[in-house]
Amino acid sequence: MPTYHKPESKTLQELKNIAHKLRIHSIAATQASNSGHPTSCSSMAEIMSVLFFNTMRYKISSPMDPSSDRFILSKGHAAPILYAAWAEAGLFSTKDLLNLRKIDSDLEGHPTPRLNFVDVGTGSLGQGVSVAAGMAYVGKYIDKADYRTYALVGDGESAEGSIWEACHFAGYYKLDNLCVIFDINRLGQSEPTSLQHQMEVYRKRLDSFGFNALVVDGHDVEELCKALYEASVTKDRPTAVIAKTFKGKHFPNIEDAENWHGKPLGDHADNVIQYLTGLMNGDSPSNPTPPSPIKDSAKKVNIKNIKLSTPPSYKLGESVATRFAYGTALVKIAMDNDRVIGLDGDTKNSTYSEKLKKAFPDRYIECFIAEQNLVGVAIGAACRDRTVAFVSTFATFFTRAFDQIRMGAISQSNVNFVGSHCGVSIGEDGPSQMGLEDISLFRSIPGSTVFYPSDAVSTERAVEIAANTKGICFIRTSRPNTAVIYDNNEIFAAGKGKIVKQSDNDVVLVIGAGITLYEALDAAKTLEASNIHVRVLDPFTVKPIDEKLIKENAVQCGGRVVVVEDHYKQGGLGEAVLSALAEVRNVVVKHLAVDRVPRSGPPKVLIEMFGISANNIVKAVNDVLKL
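Conventions we followed
Residue numbering note: each chain is counted from 1, following its sequence as written. In keeping with the model being predicted, local features are shown solely for residues with a pLDDT of at least 70 and side-chain atom pairs are shown and tallied solely at 80 or more, while totals for entire chains, interfaces and linings include all residues. For the side-chain quantities, the full set of heavy atoms in the structure was used; hydrogens and water were omitted. By the criteria applied, helices consist of DSSP H or I runs no shorter than four residues and strands consist of E runs no shorter than two, each listed in order from the N terminus. Using C-alpha atoms as the atom set, the radius of gyration is obtained and then compared with a globule rule of 2.2 Å times the number of residues to the power 0.38. Categorising residues by exposure relies on relative accessible area from a 1.4 Å probe, with only protein chains included: less than 20% of the type maximum marks a residue as buried, more than 50% marks it as exposed, and the intermediate range marks it as partly exposed. In these tables, accessible area is a Shrake-Rupley quantity obtained with a 1.4 Å probe, and a residue counts as shielded only by the protein chains included in the view. Domain start and stop positions are those given by an automatic or database domain assignment. Definition of nonpolar core: a set of buried residues of the types Ala, Val, Leu, Ile, Met, Phe, Trp, Tyr and Cys, connected through side-chain atoms within 4.5 Å. By definition in these notes, contact holds between two residues if any of their heavy atoms fall within 4.5 Å. Between any two strands, pairing holds if DSSP finds at least two bridges. Helix axes are fitted to C-alpha atoms over the stretch in contact, other axes to C-alpha atoms as well, and angles between N-to-C directions run from 0 to 180 degrees.

Please clarify how the overall build of the protein should be interpreted in this entry.
Helices and strands together make up the secondary structure of the protein, namely 21 helices and 19 strands. A compact globule built from 627 residues would reach a C-alpha radius of gyration of about 25 Å, and the protein, at 28 Å, matches this within 12%. Its C-alpha atoms put the protein at 95 × 50 × 40 Å along the principal axes. Counting only residues that meet the buried cut, the protein has 61% of its 627 residues in that class. Just so you have it, the protein exposes about 23900 Å², and 47% of that area is on carbon and sulfur atoms.

Help me out: how do you make sense of the domain arrangement of the protein in this one?
Interfaces are often described in size by the accessible area the parts lose on coming together. What the domain assignment lists for the protein is domain 1 (9-279), domain 2 (318-484) and domain 3 (498-625). Measuring from the centre of the C-alpha atoms in domain 1 to the corresponding centre in domain 3 gives 52 Å.

Explain the nonpolar core to me, please; I cannot follow it from the model alone.
Generally speaking, soluble globular proteins have nonpolar side chains that are buried together. Grouped together as the largest cluster of nonpolar side chains are 83 residues, with contacts concentrated most on L343 and F417. Top element by residues in this core is helix α5 (residues 128-142). It accounts for nine residues. Those residues in contact with L343 that lie beyond four places of it in its chain are I365, C367, L374, V377, A378, A389, F390, V391 and S392. Within the second largest apolar cluster, 50 residues are counted, among which are A79, A85, L100 and A231.

In this structure, what is going on with the sheet that holds strand β7 (residues 340-344)? I would like to understand it.
Within a sheet, adjacent strands bond to each other through the backbone by hydrogen bonds, running parallel or antiparallel. Strand order across the open sheet formed by seven strands is β8-β7-β9-β10-β12-β11-β17, with mixed pairing between neighbours. Two strands bound the open sheet, and with one partner strand each, they are β8 (364-366) and β17 (541-543). In this sheet, adjacent strand axes meet at a mean angle of 20 degrees when their direction is disregarded. As defined by bridge partners, strand β11 (residues 449-451) adjoins β17 across two bridges and the pair is classed as antiparallel. Directly across from F451, in β17, lies its bridge partner T541. With respect to the sheet, helix α10 (residues 322-336) is in contact with β7, β9 (388-394) and β10 (415-420), its orientation differing from that of β9 by roughly 165 degrees.

What is the right way to read the sheet that holds strand β18 (residues 560-568) from this model?
With respect to topology, five strands assemble into an open sheet ordered β14-β16-β15-β18-β19, the strand pairing being mixed. Edge positions in the sheet fall to β14 (498-501) and β19 (588-594), since each has one partner strand and no second. Averaged over all pairs of adjacent strands, the angle between their axes in this sheet comes to 25 degrees, without regard to strand direction. Where strand β15 (residues 508-512) meets β18, four bridges bridge the pair, whose relative direction is parallel. Within β18, the residue paired with I511 across the bridge is V563. Contacting β15, β16 (534-538), β18 and β19, helix α21 (residues 614-626) runs over the sheet at an angle of about 145 degrees to β18.

This is the structure in structure tokens:
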């Protein structure tokens, strides 16, 4: 192991001075905005000083350089000191720090990627380690580059289970390019944290997760320099630097005191700044020079214009589950672009992401049954456009990671989610396994695209389109086999639906997706025996919904519409259609959906019992014709 060389006394003093300057900037910024968290910033001032001005390698001219070290501020409420560090490094003027939290400033209360030095939005606590682990995984196993990843975590948020999901992941994959720094300042928002300063408890926990766990005085810059050096030379284990700190450090009469969380210093500010200024000894550089990347080790990548390596190749009428077609398509786009990766939560033999593992094992990441970490790792993996990530599990299990998904949208992430086993049509496994809220969840995400392909051909095209679509994408796949209804050369686009059955005599428009599209087609055959003709529409995407197609065909069918979906009524396909038709006069919509908690049983029985079968569609068509 290389020998550690203690920094010169002058260097250590400069780092101490920079820490105090960062404190002063944090106080001034929060005073100007009359809001913020100066005491939370103060506890981590020495950590930030050593990281940004001694340890991390980055380019001021290009904060997102692919070869630069990564830094994730998981305790996002300490944003002012992050902004101060970049300003002190020379990225922008320190005067701009006084614009903190102003409506026309991107220096928001918690970091977002509106800023060119922020990879992901943070502030919903407990998520930063997962994102950092995703970055580190890509750095070690996919980029195979020299950059390191650092995450700074608050002790309060370490009560979140997602932190420990991420630690398990990092230890399991031996992410020795990851360093997680715990700022153990003892105080939470409303009272002391559960462990306060029980440093040995933290050390034992992190050691048990496979970390090289180091307890340090978080206000001693020399101890921090040594610990971060040790992290850089430790092999086959991630490092946790467990820093004992004090909230409001060096704030007279405020240090380690309760009831100061999230409050500017007010009348105390001038006295505290004067005290901090007096602590600064010797000359402090006006523009300290940060380290730069050692070398450009992360190659340029291209993740645009991704295609299926070969077009779909199915026979009309062939019976194929859309989840199976997803696995086929994932391999095809992976063959076209070596930056396509797949992640799963131990459901790969059900979602069929196992096809990617078999074809390209180095591009499949098993995240086990830890869905919050699964999503966070994917968000980290997609940062800086290093990969195109597809994340799969049962649709219903994404609900437990809703917060991570919405933070992915705030982070401007391009991540593709694939949820299988949707609706009552999964059968005997029962309601705990049935995705019945998933469309609602993903429709509510800003900027999202929600695909609901009904056959194998449209599923493959959905995967291809999602790979090239910005923002959060969701592809809903089904467990049962469904017939191929589209020609292999059929063209699909987000926001463009398909009419799959029509005549000049259609009196009702029936809209279904997935298994209910086939129930609609069966109902159409039954109704034709009674000389009632209905038109059947496949939306392909629920968001954006094809408003033009729906409106035109609703009017052509006399303003009578039936929507049927294997989902709860709230927030699904039906409400998307109702929104599309809200301003169209003389249109009536009959909405069939699962209206109560379902139960175990054979799929056909459940579809009938919960009102979304062909028989129920026939009844709904007859009912709407009477209105």
